Amino acid sequence: MDAPPPDGLTRPPLRLFPTAGAAQVNQPIPFGTRGPADHAGTDLSDVMHQVAQGDKRAFSVLYDALAPLVFGIVVKVVRDRAQSEEVAQEVMIDLWRQAARYRSEAGAVTAWAATIAHRRAVDRVRSAQAAADREHAQAAREHTTAFDEVTEQVETRLESEQVRRCLRGLTELQRQAVTLAYYRGLTYREVAEALRTPLPTIKTRMRDGLIRLRDCMGVTT
Amino acid sequence: MKHHATDAHTLVAAYALGALDDAERKDFDAHLRACEACRQEAAEFQATTARLAAAVAQPPPAAAKAQVMAAIDEVRQLPPRIPAPSAAPVLGGILRRRAVPLALAASVAAAALGGVAIRQTQNGQDLEQQARQAQQQLDAVSAVLAAPDARTVHGKTANGALTTVVSSEQQNKAAFTAANLPAPGSGKTYQLWLDHDGTMRPAGLIDHDGTVLLTGNPADAGAVGLTLEPAGGSPQPTTDPLLLMTLPA
Ligand SMILES: [Zn+2]
């Protein structure tokens with residue numbers, strides 16, 4: 001073929017993220033088996049170095065690499081799409097602003113960006129809750145509904161087979177503690193209330209749940 | 001402080017999950033500065049929660065990028081919190097001595113070859129050749145990124161990596177970027193493919209995060225694919241695709 005087709009219609013239909021049979025190639029992949037000098041994010045930390053010096057073209061590269069990660073977690077926590085677009089833009093601008101404060105010793109660029117994005121999303125949700133001055137009991141009701149939704153979404157909407165499989169490897173309480181906190185933005189106190197479980201137990205389940213996830217994903221830093 | 005230091009250790013997981021309130025988070029940040037064990041654990045847990053974030057990644061609206069790029073013109077960057085920035089990588093230093101014109105080019109080369117460059121420090125005589133290859137690759141990659149007709153597509157692999165393809169029809173070239181790509185495992189590599197009317201043609205190998213130029217003829221291709229293959233690559237895919245990104249028509 002010497003010229004590209006005039007439009008996409010002549011092309012065979014393509015699935016973006018095929019799942020049939022994909023598990024066999026996903027499962028054996030350990031994450032982070034590379035040496036300490038070569039962990040995920042090595043490359044982006046060099047891009048960050050340029051961004052920290054005010055390089056807008058490097059920031060354009062960084063934007064392309066990180067915007068889906070940032071937008072995805074913000075939407076997950078904030079839920080309202082219009083607000084999420086606003087928060088995600090604030091996060092991307094914040095990455096530009098704070099670029100010089102990124103330290104590669106403290107972890108990969110993706111982890112740094114995810115932390116900033118999650119924090120902003122949580123701030124948005126919590127300030128909205130404060131503004132609404134909601135009743136305590138009503139909050140608990142919302143949380144109970146929330147974790148039913150989370151459980152369902154964890155089963156059906158995660159696009160990473162590895163993460164889905166690792167979450168399935170947690171106990172019910174570990175999974176709910178982790179997902180209510182991270183995907184719903186609840187504090188550990190709110191998680192304890194929603195799950196009607198003592199605070200020290202929730203702290204412990206968050207910790208052993210994350211340890212199990214970390215080991216399942218083969219994460220190293 | 002609401003917490004004794006001994007209590008603080010138990011909050012690492014809640015901290016990494018973003019499940020502390022503001023006051024507790026500030027206390028814990030102070031604790032982290034003093035506690036190496038918690039710092040290490042927090043880094044591991046944050047790498048773990050970043051995978052939870054990557055699992056729900058989705059592309060933002062296309063118009064958002066232009067708005068952000070316009071907004072940063074007005075935003076002043078903060079100075080580093082520590083006086084000395086981390087040491088420049090070996091390859092970056094070489095490229096700067098070679099007077100590469102574009103700062104972007106250096107960063108892209110480091111992105112494309114960062115892992116290789118680090119390994120090569122054990123093998124000094126290869127550095128010159130490595131730098132030359134990096135130079136050629138970065139020239140080509142930066143030409144694609146700077147092309148007036150450059151078009152960008154985002155995707156995500158089945159194992160959670162975020163990917164971007166920038167293609168230029170004028171130059172008949174395309175660059176592929178991966179972030180958060182899990183290690184392929186020993187004896188294996190990721191292989192890129194160009195889909196020509198249903199026939200997958202090899203388009204290069206990638207085994208860690210970074211940017212590579214696709215080999216082959218992207219202007220005629222309908223999609224870019226990624227599979228896991230035995231080290232060295234295969235003439236045609238031997239596993240199910242982890243990713244198929246439709247290229248702009
Ligand atoms: Zn500690």
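Residues numbered from 1 in each chain as written. Chains lettered and ligands numbered in written order. Predicted model: local features only at pLDDT ≥ 70, side-chain atom pairs only at ≥ 80, totals over all residues. Heavy atoms only, no water.

### Remarks on the overall build of chain B
Applied cut-off: Helix and strand assignments follow DSSP, with helices taken as H or I runs no shorter than four residues and strands as E runs no shorter than two, numbered in order from the N terminus. Classification of residues uses two cut-offs on accessible area relative to the type maximum, computed with a 1.4 Å probe and protein chains only: under 20% is buried, over 50% is exposed, and between them is partly exposed. Residue contacts are defined here by distance: any two heavy atoms, one from each residue, within 4.5 Å place the two residues in contact.
Secondary structure summary: chain B contains eight helices and eight strands in total. Expressed as a percentage of the 249 residues in chain B, the buried residues total 53%. Excluding contacts between residues fewer than 6 apart, the proportion of contacts in chain B whose partners are at least 24 apart in sequence is 55%.

### Comments concerning the nonpolar core
Here is the rule: What makes a nonpolar core is a set of buried Ala, Val, Leu, Ile, Met, Phe, Trp, Tyr and Cys residues whose side-chain atoms join them at distances within 4.5 Å.
Ranked by internal contacts, the top residues of the largest apolar core, which has 90 residues, are Leu62(A), Leu66(A), Val191(A), Met206(A), Leu213(A), Phe28(B) and Leu52(B). Considering every element that reaches this core, the biggest residue donor is helix α3 (residues 56-78) of chain A, with 16 residues. Once you skip the residues sitting within four places of it in the chain, Leu52(B) turns out to touch Val163(A), Leu167(A), Val178(A), Tyr182(A), Tyr183(A), Leu213(A) and Met217(A). By size, the runner-up hydrophobic cluster in this structure holds 23 residues, among which are Leu181(B), Tyr190(B), Leu192(B) and Leu228(B).

### Here's the deal with the packing of aromatic side chains
Worth spelling out the cut-off: Here a pair means two rings of Phe, Tyr or Trp (six-membered ring of Trp) with centres within 6.5 Å. Their orientation is stacked below 30 degrees between planes, edge-to-face above 60, and tilted elsewhere. Whether a charge sits over a ring depends on NZ of Lys or CZ of Arg being within 6 Å of the ring centre and within 35 degrees of the ring normal.
Counted under the stated rule, the structure contains four aromatic pairs over all chains. Each ring, one from Tyr15(B) and one from Phe28(B), has its centre 4.7 Å from the other, and the planes form 40°; the classification is tilted. On the criterion of sequence distance, the pair formed by Tyr15(B) in helix α2 (residues 12-16) and Phe28(B) in helix α3 (residues 22-34) is long-range, its members being 13 residues apart. Overall, Phe28(B) belongs to the buried group, its relative accessible area being 2%. Here the guanidinium or amino end of Lys76(A) rests over the ring plane of Tyr183(A), the centre of that ring lying 5.0 Å away.

### Some remarks on the sheet that holds strand β4 (residues 188-196) of chain B
Strand pairing in a sheet relies on backbone hydrogen bonds. The paired strands run either parallel or antiparallel. All names here are of chain B. We count it as follows: Two strands qualify as a pair provided that DSSP identifies no fewer than 2 bridges between them. Comment: axis = line fitted to C-alpha atoms, over the contacting stretch for helices; angle = value between 0 and 180 degrees taken between N-to-C directions.
With antiparallel pairing, four strands are arranged side by side in an open sheet as β5-β4-β7-β8. Of all strands in the sheet, those bounded by a partner on one side alone are β5 (199-206) and β8 (243-246). Across this sheet, the average inter-strand angle for adjacent strands is 30°, counted without regard to direction. Two strands pair when backbone bridges link them, and β4 and β5 are joined in this way by seven bridges, in the antiparallel orientation.

### Focus on the coordination of the zinc ion
Residue and element names in this part refer to chain B. This is how it is decided: Here the coordinating atoms are restricted to nitrogen, oxygen and sulfur within 2.8 Å of the metal centre, or 3.2 Å for Na, K and Ca, and because water is not among them the sites may look incomplete. Each label reflects the angles at the metal, where four donors whose angles all fall between 85 and 135 degrees are tetrahedral, four or six donors whose opposite pairs open beyond 155 degrees and whose other angles stay between 65 and 115 are square planar or octahedral respectively, and the rest are irregular.
Every protein donor of the zinc ion is accounted for by His 9 (ND1), His 31 (NE2), Cys 35 (SG) and Cys 38 (SG), and the metal-donor separations fall at 2.0 to 2.3 Å. Viewed at the metal, the four donor atoms of the zinc ion are separated by angles of 96 to 122°, and the geometry they form is tetrahedral. Of note, the zinc ion draws all its donor residues from one chain, in the sequence arrangement H-x21-H-x3-C-x2-C.

### What about the UniProt feature "domain: Putative zinc-finger" (unreviewed entry) in chain B?
Using the following cut-off: UniProt positions are given in the numbering used here, feature names are shortened, and annotations may be inferred rather than shown by experiment.
Mapped onto this numbering, the UniProt entry annotates "domain: Putative zinc-finger" (unreviewed entry) at residues 7-39 of chain B. Along residues 7-39 of chain B, the helical share is 73% and the strand share 0%, with 15 Å between the first and last C-alpha atoms.

### Some points on the environment of Tyr190(B)
All names here are of chain B. Rules: In the analysis that follows, any N or O atom pair within 3.5 Å is treated as a polar contact, provided that within protein one partner can donate a hydrogen and the other can accept it, and provided that, for residues neighboring in sequence, both atoms belong to side chains.
Mapped onto the fold, Tyr 190 is located in strand β4. Sequence separation between Tyr 190 and Ile 206 is 16 residues; the distance between their C-alpha atoms is 5.3 Å. Within the structure, the side chain of Tyr 190 is placed 2.8 Å from the backbone oxygen of Pro 182, a separation counted as a polar contact.

### Things to note about the pattern of salt bridges
Pairing is possible between side chains of opposite charge, provided their charged atoms come close. Residues and elements named next belong to chain A. As a reminder, the rule being used: Basic side-chain nitrogens of Lys or Arg form a salt bridge, by our definition, when they fall within 4 Å of a carboxyl oxygen of Asp or Glu.
Scanning the entire structure with this criterion turns up 20 salt bridges over all chains. Residue Glu 90 pairs with Arg 120 through a salt bridge whose shortest N-O separation is 3.1 Å. In this pair, Glu 90 sits in helix α4 (residues 81-97) while Arg 120 sits in helix α5 (residues 109-132), placing the two residues 30 residues apart along the sequence. Each of Glu 86, Glu 90, Asp 94, Arg 97, Arg 120 and Arg 124 takes part in a single network of salt bridges with overlapping partners.

### Quick word on the state of the cysteines
All names here are of chain A. Note the cut-off: The disulfide criterion is simple: two cysteine sulfur atoms within 2.5 Å.
Inspection of every chain in the model, using the stated rule, returns one disulfide over all chains. Paired through a disulfide, Cys 166 and Cys 216 show a sulfur-sulfur distance of 2.0 Å. The sign of the -80° torsion about the S-S bond sets the Cys 166-Cys 216 disulfide as left-handed. Pair noted here: Cys 166 is in helix α7 (residues 161-168) and Cys 216 is in helix α10 (residues 199-217), with a separation of 50 residues, a long-range link. Here Cys 166 falls in the buried class, since its relative accessible area comes to 2%.

### Remarks on the packing of α3(A) against helix α8 (residues 172-184) of chain A
Residue and element names in this part refer to chain A. Note the following rule: The cut-offs work like this: below 35 degrees is roughly parallel, past 145 is roughly antiparallel, 65 to 115 is roughly perpendicular, and the gaps in between are oblique. Under the convention adopted here, Pro, Cys and the residues Ala, Val, Leu, Ile, Met, Phe, Trp and Tyr are nonpolar, Asp, Glu, Lys and Arg are charged, and Gly plus all remaining residues are polar.
Where α3 meets α8, the axes come as close as 7 Å, and the angle between the chain directions of the two elements is 105°. Compared by their axis directions, α3 and α8 come out roughly perpendicular. Facing α3, whose interface residues are Ile 73, Lys 76 and Val 77, α8 presents Tyr 182, Tyr 183 and Arg 184. Residue composition of the contact of α3 with α8, by class: four nonpolar, no polar and two charged.

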